[in-house]
Amino acid sequence: MNLRFDLLPSDIAEAHQQFEGWISTARDVNEVNRLKGVFTGRKASHLTTLTELLKQTPKESKSDLGALINHLKITWETALSLRLDQLISKNSTSSIDLTLTPPVIPLGAVHPIQRLEAQIVSVFRSLGYHVEEGPEVETEENNFDGLNITPSHPARRSSDTFYFQNHPHLLLRTHTSPVQVRVLKRLSQKNKEGVSLLESLEGIRFLSPGRVYRKDEIDPTHSPMFQQVEGMLIGKNIGLHHLKGTLSYAMKALLGAEADVRFRPGYFPFVEPGCEVDVRCPLCKGQGCRVCKSSGWIEILGAGLVHPQVLSHAGIDPTVWSGFAFGMGIERIAMIISECPDLRLFFENDVRFLQSMREVR
Ligand code: PHE
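Only a predicted model underlies this, so the values are computations on that prediction, with no experimental measurement involved.

**Remarks on the packing of helix α5 (residues 112-125) against helix α9 (residues 240-255)**
Then step 1. The interhelical angle for the contact between α5 and α9, taken along N-to-C directions, is 135°, at an axis separation of 10 Å. In terms of orientation, α5 lies oblique with respect to α9. α5 and α9 meet at a crossing whose hand is right-handed. Between α5, through Leu116, Gln119, Ile120, Val123 and Phe124, and α9, the contact on the second element is made entirely by Thr246, Leu247, Tyr249, Ala250, Ala253 and Leu254.
Then step 2. Along the lines of polarity and charge, the residues of the contact of α5 with α9 split into nine nonpolar, two polar and no charged.

Written out as structure tokens, the structure is:
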């Protein structure tokens with residue numbers, strides 16, 4: 001079919017002649033868009049002028065003009081969009097600078113407390129300990145009674161412990177030691193032959209990390225919530241030497257071979273004898289500073305031989321079985337390792353602090 005270019009108004013015919021040239025010299029997207037507006041735009045473009053013209057054209061030339069308009073529309077639209085594509089792809093290839101350093105994508109990391117917890121667990125796993133978990137909401141019985149803590153003991157006061165208002169015998173555990181009670185009770189259960197689980201296992205050693213709660217004011221070394229790791233070993237003829245050997249080994253594995261550890265007598269109702277374990281203050285190397293309160297030592301755990309009362313309360317014969325238990329504060333140890341003087345930093349989640357912790361082993 002022959003197209004009737006003679007039907008075009010002269011200005012549009014002229015513009016169409018120039019179109020190819022304009023399109024190929026358009027240097028950027030804006031220029032192409034301007035041409036697009038002039039030729040195919042929705043308002044006052046050559047295309048809209050032609051559509052108007054079509055309405056007024058006498059019947060006999062309507063189809064010729066219609067065919068011509070169609071042809072022009074396709075020609076213009078195709079050329080415009082091709083040029084746009086060209087310019088866009090040219091632009092994007094030229095904007096890639098392969099010599100630039102790529103932006104650093106900030107990655108999350110395991111929180112230092114969780115990381116230390118995992119390290120502690122792995123040290124004890126290598127000694128044959130497994131992990132036992134207990135609930136944070138505990139009974140008074142497991143948190144205190146089962147641990148030989150008398151009804152008048154000050155730790156039981158509502159000024160020290162979070163009790164549940166409508167459940168006076170439920171509380172937020174104040175230490176991870178109630179897990180001792182839970183595990184011992186389970187182990188004392190006997191099978192049909194009358195053999196206890198403890199007997200068939202020939203003893204047990206486990207670790208129990210978790211959150212604990214106390215009504216403490218927040219300051220650089222106290223928080224109403226902190227984390228502990230409980231450890232317990234039950235066997236036959238277990239003595240203080242086993243406890244001392246285990247903890248000395250574990251502390252060196254955690255803090256480095258040069259770590260200096262000392263054992264002092266200490267009192268906890270659920271162990272006898274009981275002790276407290278200190279490490280030499282890494283900040284002042286034992287000279288005495290604010291963190292170690294001038295003593296040169298920092299207390300990091302409580303420990304001792306399991307009190308016979310705790311065993312018999314759980315239904316285990318203390319004349320046959322003996323063991324040791326210990327409990328350490330994870331934040332305490334984290335403060336020592338990272339030489340961080342303020343416990344609160346571990347809970348505030350300031351990314352600058354957490355970032356700096358990533359470098360600490
Ligand atoms: N439960 C004690 C505390 O929170 C620590 C401890 C655990 C002491 C086991 C002795 C034995 O301080």
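**Brief notes about the environment of His71**
Then step 1. Mapped onto the elements, His71 comes out in helix α4 (residues 59-95).
Then step 2. Residue His71 is classed as partly exposed on the basis of its relative accessible area of 32%.
Then step 3. If we ignore the near neighbours within four places in the chain, the residues touching His71 are Leu3 and Phe5.

**Comments concerning the site of the ligand**
Then step 1. Taken together, 14 residues surround the ligand, and among them His175, Ser177, Arg214, Gln228 and Gly327 come closest.
Then step 2. Within the contact set of the ligand, an oxygen atom lies 2.9 Å away from a side-chain nitrogen or oxygen of Gln228.
Then step 3. Notes on the ligand: free accessible area 330 Å², of which the protein chains cover 91%.
Then step 4. Top element by residues in the shell around the ligand is strand β10 (residues 322-329). It accounts for three residues.
Then step 5. Taken together, the residues of the shell around the ligand sort by class into six nonpolar, six polar and two charged.

**What to know about the packing of aromatic side chains**
Then step 1. The tally for this structure, following the rule as stated, stands at nine aromatic pairs.
Then step 2. For the pair Phe19 and Trp76, a centre-to-centre distance of 6.3 Å together with 55° between the ring planes defines the contact as tilted. In this pair, Phe19 is assigned in helix α1 (residues 10-25) and Trp76 in helix α4, connecting sequence segments 57 residues apart. Residue Phe19 shares its accessibility class with Trp76, and that shared class is buried.
Then step 3. On the basis of an interplanar angle of 80° and a centroid distance of 5.4 Å, the ring pair of Phe346 and Phe353 is categorised as edge-to-face.

**Quick notes on the pattern of salt bridges**
Then step 1. The final tally for this structure, using the stated rule, is 17 salt bridges.
Then step 2. Linking Asp6 and Arg4 is a salt bridge whose minimum nitrogen-to-oxygen distance equals 3.1 Å.
Then step 3. For Arg211, the salt bridge goes to Glu136, with nearest N and O atoms at 3.5 Å. Remark: Glu136 occurs in the loop between β1 (130-131) and β2 (137-139) and Arg211 occurs in strand β5 (residues 204-213); sequence separation between them is 75 residues.
Then step 4. Residues participating in the shared-partner salt-bridge network are Arg262, Arg264, Glu276 and Asp278.

**Notes on α9**
Then step 1. In a regular helix each residue adds 1.5 Å, so 16 residues correspond to 22 Å; α9 covers 22 Å between its end C-alpha atoms and thus fits that length.
Then step 2. Buried residues of α9: Leu243, Thr246, Leu247, Ala250, Met251, Leu254 and Leu255, and no others. End-on, the buried residues of α9 take up no more than an arc of 130°, which puts them together on one face.
Then step 3. Just downstream of α9, Gly256 is the residue with a positive phi angle, here 110°.

**Focus on the sheet that holds β2**
Then step 1. Here we have three strands laid out as an open sheet, ordered β2-β4-β3, and antiparallel in their pairing. Either end of the sheet is taken by a strand with one partner, and the two such strands are β2 and β3 (163-164).
Then step 2. Across three bridges, the pairing between β2 and strand β4 (residues 167-172) is antiparallel. If you follow Thr139 over to β4, its bridge partner there is Leu170.

Scoring rules and cut-offs
Residues numbered from 1 in each chain as written. Predicted model: local features only at pLDDT ≥ 70, side-chain atom pairs only at ≥ 80, totals over all residues. Heavy atoms only, no water. Axes fitted to C-alpha atoms, helices over the stretch in contact; angles between N-to-C directions. Helix = DSSP H or I, 4+ residues; strand = E, 2+ residues; numbered from the N terminus. Parallel < 35°, antiparallel > 145°, perpendicular 65-115°, else oblique. Left-handed = near helix turned anticlockwise from the far one by under 90°. Contact = heavy atoms within 4.5 Å. Nonpolar A, V, L, I, M, F, W, Y, C, P; charged D, E, K, R; others polar. Buried < 20%, exposed > 50% of the residue type's maximum accessible area, 1.4 Å probe, protein only. Near = heavy atom within 4 Å. Polar contact = N/O pair within 3.5 Å; in protein donor to acceptor, adjacent residues only side chain to side chain. Areas by Shrake-Rupley, 256 points an atom, 1.4 Å probe, with all protein chains shown as cover. Phe/Tyr/Trp six-rings, centres within 6.5 Å; stacked < 30°, edge-to-face > 60°. Salt bridge = Lys/Arg side-chain N within 4 Å of Asp/Glu carboxyl O. Expected span 1.5 Å × (residues − 1). Arc of directions from axis to C-beta. Pairing = 2+ DSSP bridges.

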